[in-house]
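Here are the chains, one letter per residue:
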Amino acid sequence: LGYYYEKCNMLDSAIRIYKLAMNTDKNYERAYEKMITIHMDNYLKTGELHSLQRAEKNAELYIKRLPSKKSYLKRAILYMDSYRNEEAIIDLKKALEFDSTDVYVLQLLGKASCFIRDYKTAEENYRLAKERTTMKESLELHYLFAEYLLSQNRTKEARPYFEELINYKPNVISLHVGLKNV
């Protein structure tokens, strides 16, 4: 029912239903995820701090009741969206404790590390993620790694990534700009 309220943009009703679901079944992951997403989306649209605080409160509850890779990842993304990358890194590392091979978590850890200018850690995580996936499976990861190399003035290393990315996505202008910069 919460889903239908949400799709009809009746967010207060959706929140009420998701809260009820969370109180009825403390292990209902989807309700926690939806509550965090609704509040975070509202924060990103409006900049209202109370929406961010509600998203954080629900993320805390989610982790407290169901500590998992998924719950830590959800809060890490919330932190990254609110430019709190140090806190995101802590949660991403906790998510990796549940699954040390998760490419998406490694990719986000690389990205968050770049944001705080910890380039060594960023590169380590990008490389680990890159080793576990193909270009076709994760274009974004390979793009982020190419951009990272470019930001470090390692143009010769970045060039083959941009060239290969262009083979997969020839109409993406930012790839051609990246290639031009190498």
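See above for the structure.
Calculation notes
- Note that residues are indexed from 1 along each chain, following the sequence as it is written.
- Only residues with pLDDT of at least 70 get local features here, since the model is predicted, and only at 80 or more are side-chain atom pairs given and counted; chain-wide, interface and lining totals rely on the full set of residues.
- Derived side-chain values reflect all non-hydrogen atoms in the structure, with water molecules and hydrogen atoms excluded from consideration.
- Helix and strand assignments follow DSSP, with helices taken as H or I runs no shorter than four residues and strands as E runs no shorter than two, numbered in order from the N terminus.
- Each residue gets one of three labels from its accessible area relative to the maximum for its type: buried under 20%, exposed over 50%, partly exposed in between, using a 1.4 Å probe on protein chains only.
- Charge counting follows a simple rule: Lys and Arg are positive, Asp and Glu are negative, and His as well as the terminal groups are ignored.
- Salt bridges are identified by distance alone: a Lys or Arg side-chain nitrogen within 4 Å of an Asp or Glu carboxyl oxygen.
- Any pair of N or O atoms that falls within 3.5 Å is considered a polar contact. Within protein, one atom must be able to donate a hydrogen and the other to accept it, and sequence-neighbouring residues count only if both atoms are side-chain atoms.
- Working rule for contacts: check all heavy atoms of both residues, and any pair within 4.5 Å makes them a contact.

1. What about the side chain of Lys 130?
- Checked against the element boundaries, Lys 130 lands in helix α8 (residues 119-131).
- It is Glu 131 that comes nearest to the buried, bridge-free Lys 130 among opposite-charge side chains, at 6.7 Å.
- In terms of polar contacts, Lys 130 uses its side chain to reach the side chain of Tyr 161, at 2.8 Å.
- What Lys 130 contacts, discounting residues up to four positions off in sequence, is Leu 141, His 142, Phe 145 and Tyr 161.

2. Looking at the pattern of salt bridges
- Within the structure shown, the criterion is met by 14 salt bridges.
- In this structure, Arg 30 engages Glu 33 in a salt bridge whose closest nitrogen and oxygen atoms are separated by 3.4 Å. Taken together, the positions of Arg 30 and Glu 33, both in helix α3 (residues 29-46) and three residues apart, correspond to about one turn of that helix.
- Among the ionic pairs, Glu 60 bridges to Arg 75, the shortest N-O distance being 2.5 Å. Here Glu 60, found in helix α4 (residues 49-65), pairs with Arg 75, found in helix α5 (residues 69-81); they are 15 residues apart in sequence, far enough to count as distant.
- A relative accessible area of 9% places Arg 75 in the buried class.
- Ionic contacts of the salt-bridge type, sharing partners, join the residues Glu 123, Arg 127, Arg 154 and Glu 157 into one network.

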